[in-house]
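So the chains spell out like this:
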Amino acid sequence: MIAQQNGEETPLLQRPEQPTAKTPLPWDQIWILLLLEMPEIVSARTLAPFIPQLIRDIGVTHGDETQVGHYAGILQSSYYAAHTLTIFYWSQLSDHIGRKPVILIALLAISISMFSFGLSKTFFALVVSRVVSGAFDASDSMAKSMLMDITDATNMPKACSYVPIPCAIATAVGALIGGSFSRPADRFPNIFGRSELLKTYPYLLPCSISALFISTIWLVTYTHLKESVSTKTPLWELIKKGFFGQSYSEPRQPLSNVIVDPGEVKSKPLPLRALLTSKVLSVTASYATTGLFLTGFNSILPVFYATPIELGGLSFDPPRIGALLAASGIIQGIFQLLFYTRLNDRFGARAVHIIGISSGIPMVILFPVTNALARAFGIGTAVWLCVAVQLTLKTNLIMCFPCISLFVRAAAPNRASVGATNGIAQVAVAVARIIGPASTASVFSYSLQEGHDAWSIYYFFIAIAFLAVSTALLLPRDPSVWEDSQ
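Where an unreviewed UniProt entry is consulted, the protein appears under the name MFS multidrug-resistance DHA1 sub-family, with the organism given as Suillus fuscotomentosus.

S.K.: So what exactly am I meant to see when it comes to the confidence of the model for the protein here?
M.R.: It should be kept in mind that the predicted coordinates are not to be read in detail where pLDDT is low. On average, the protein scores 83 in pLDDT, and the residues at 70 or more come to 87%. When pLDDT is averaged over each element of the protein, helix 14 (residues 204–224) comes out on top at 95 and helix 1 (residues 2–9) at the bottom at 41. Between residues 244–266, whose pLDDT stays under 50, and residues either more than four places distant or in other chains, the model counts 50 contacts.

S.K.: Looking at this model, I keep getting lost on the environment of Asn 155. Mind explaining?
M.R.: Among the structural elements, Asn 155 can be located in the loop between helix 8 (139–150) and helix 9 (156–162). Asn 155 gets classed as buried once you look at its relative accessible area, which sits at 2%. The spatial distance from the C-alpha of Asn 155 to the C-alpha of Ala 21 is 9.4 Å, given a sequence separation of 134 residues. Only 3.1 Å separates the side chain of Asn 155 from the backbone oxygen of Thr 23, close enough to count as a polar contact.

S.K.: Can you walk me through a nonpolar patch on the surface in this structure?
M.R.: The grouping of Ile 105, Phe 124, Val 128, Val 132 and Phe 136 at the surface amounts to a nonpolar patch, some 440 Å² of accessible area in total. Relative to the helices and strands, Phe 124 resides in helix 7 (residues 123–136). The exposure class of Phe 124 is exposed, given its relative accessible area of 66%.

S.K.: Help me out: how do you make sense of unusual backbone geometry in this one?
M.R.: Residue His 62 is not a glycine yet carries a positive backbone phi of 55 degrees. By the element assignment, His 62 lies in the loop between helix 4 (51–58) and helix 5 (68–97). The backbone of Ser 315 sits at a positive phi, close to 60 degrees, despite the residue not being glycine. Among the structural elements, Ser 315 can be located in the loop between helix 17 (278–306) and helix 18 (318–347).

S.K.: Explanation requested: the pattern of salt bridges in the structure shown.
M.R.: Oppositely charged side chains can pair when the atoms bearing their charge come close. Taken as a whole and judged by the stated rule, the model has eight salt bridges. The partner of Asp 28 in a salt bridge is Lys 226, with the nearest N and O atoms 3.6 Å apart. Taken as a pair, Asp 28 in helix 2 (residues 27–35) and Lys 226 in the loop between helix 14 and strand 1 (231–232) lie far apart in primary sequence, 198 residues in all. Here the salt bridges share partners, and the residues they tie into one network are Glu 37, Asp 140 and Lys 144.

S.K.: Looking at this model, I keep getting lost on the nonpolar core. Mind explaining?
M.R.: In summary, soluble globular proteins display a tendency toward joint burial of nonpolar side chains. Within the largest apolar cluster, 121 residues are counted, with the highest numbers of intra-cluster contacts made by Leu 36, Phe 117, Val 283, Phe 293, Tyr 305 and Leu 314. Per-element accounting of this core gives the leading share, 14 residues, to helix 17.

Scoring rules and cut-offs
- Residues numbered from 1 in each chain as written.
- Predicted model: local features only at pLDDT ≥ 70, side-chain atom pairs only at ≥ 80, totals over all residues.
- Heavy atoms only, no water.
- pLDDT = per-residue confidence, 0-100.
- Helix = DSSP H or I, 4+ residues; strand = E, 2+ residues; numbered from the N terminus.
- Contact = heavy atoms within 4.5 Å.
- Buried < 20%, exposed > 50% of the residue type's maximum accessible area, 1.4 Å probe, protein only.
- Polar contact = N/O pair within 3.5 Å; in protein donor to acceptor, adjacent residues only side chain to side chain.
- Patch = residues over 30% accessible without salt bridge, like charges linked within 9 Å, V, L, I, M, F, W, Y side chains within 5 Å.
- Areas by Shrake-Rupley, 256 points an atom, 1.4 Å probe, with all protein chains shown as cover.
- Salt bridge = Lys/Arg side-chain N within 4 Å of Asp/Glu carboxyl O.
- Core = buried A, V, L, I, M, F, W, Y, C linked by side-chain atoms within 4.5 Å.

Here's what the structure looks like:
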């Protein structure tokens, strides 16, 4: 009752009192987990700058410029469709066999899929490559679960404040790779002009660089990462007993040389039904709607940049798009590193989350404003100012995700079920990421067609933003409210 009263009556911009003593961060493992935040982002950001041009090159739109966004959305959604079908099972499996084996499988799959993407010459082959990546990619989810495993309520906000650093680096690196090395035979004829391979596969070089980068992370993970799950169940035992959806009463074999919380040794992973509590459902709804908005925005942003001004965009080329995405990633990472922990300590996770998702409304409004200025005055100071303001507001939105991670950890029924709880949230946000790119890209293409309302896409985005704000109101003032009530 005390915890609930605290959660209901504490003013929005005042965080409930927390213990002053904070547990030191285990940096020998934290730096590897931060590194594991990079593969998914690097791979996606490598593709983002040149996907619109790639879709034009393969001819799937038959020259119809208004359909580029539609096919770009399908391509992005194919990754999340496969991700949705598998991520909960990977997460649940990791509660039994450990996080590290799942991570190694994921990194290997991402590397192979990037090589495959660069060698693809048809839209179907591109989709297959992204489906393979999505089906096996649990690296980001496992990194989050391991972060929850090795931190507690006192030091997790601090650990989350460092997450934007690798994310920013990955965003910048991926965008620069994709923007700078696509079509290298055309852009750097003195270096790559004689390569028939790169002329035949003009996007193989950026994909290969990204794949080699991720392979390096695989090697570091294999040699240095320690398992964070305190006990293990043999895989064959799981198969014999029927793994999915069950919990096991038999004692599991303890591991040596792992990070163990002694108070959690006796806990065991719970079945799916036991995980579907009101807390888990609340944070899952908030995570899904926030992810829906952000993935939709991220899928539209490069398409908006690449679309001709007369059709509603800004007519930017891939190198400029890549540079913008890279610069915004760096700025967002620096801001969160410097200010996220302070904002979380001062105002609480829900307040930071609500302010972040509310920033999506002016971000959307700036789309038509920027295009109107480009039509009237060309690409000048006013346009660049609007682009800068929009990307700056996105910094607030990005800070929603470390807040949600705090709530996911607090919502888990026990520490042995953190992976599965995180898996439920990841399934929901993966569904949102399927709907987000496909729906927003299709609505964007619809709005560009003659005779249709050009503002349709902006009405759609604002509706999603209000939905995300409403689900954020389901969360308590602070994650400690949920932890205290357990």
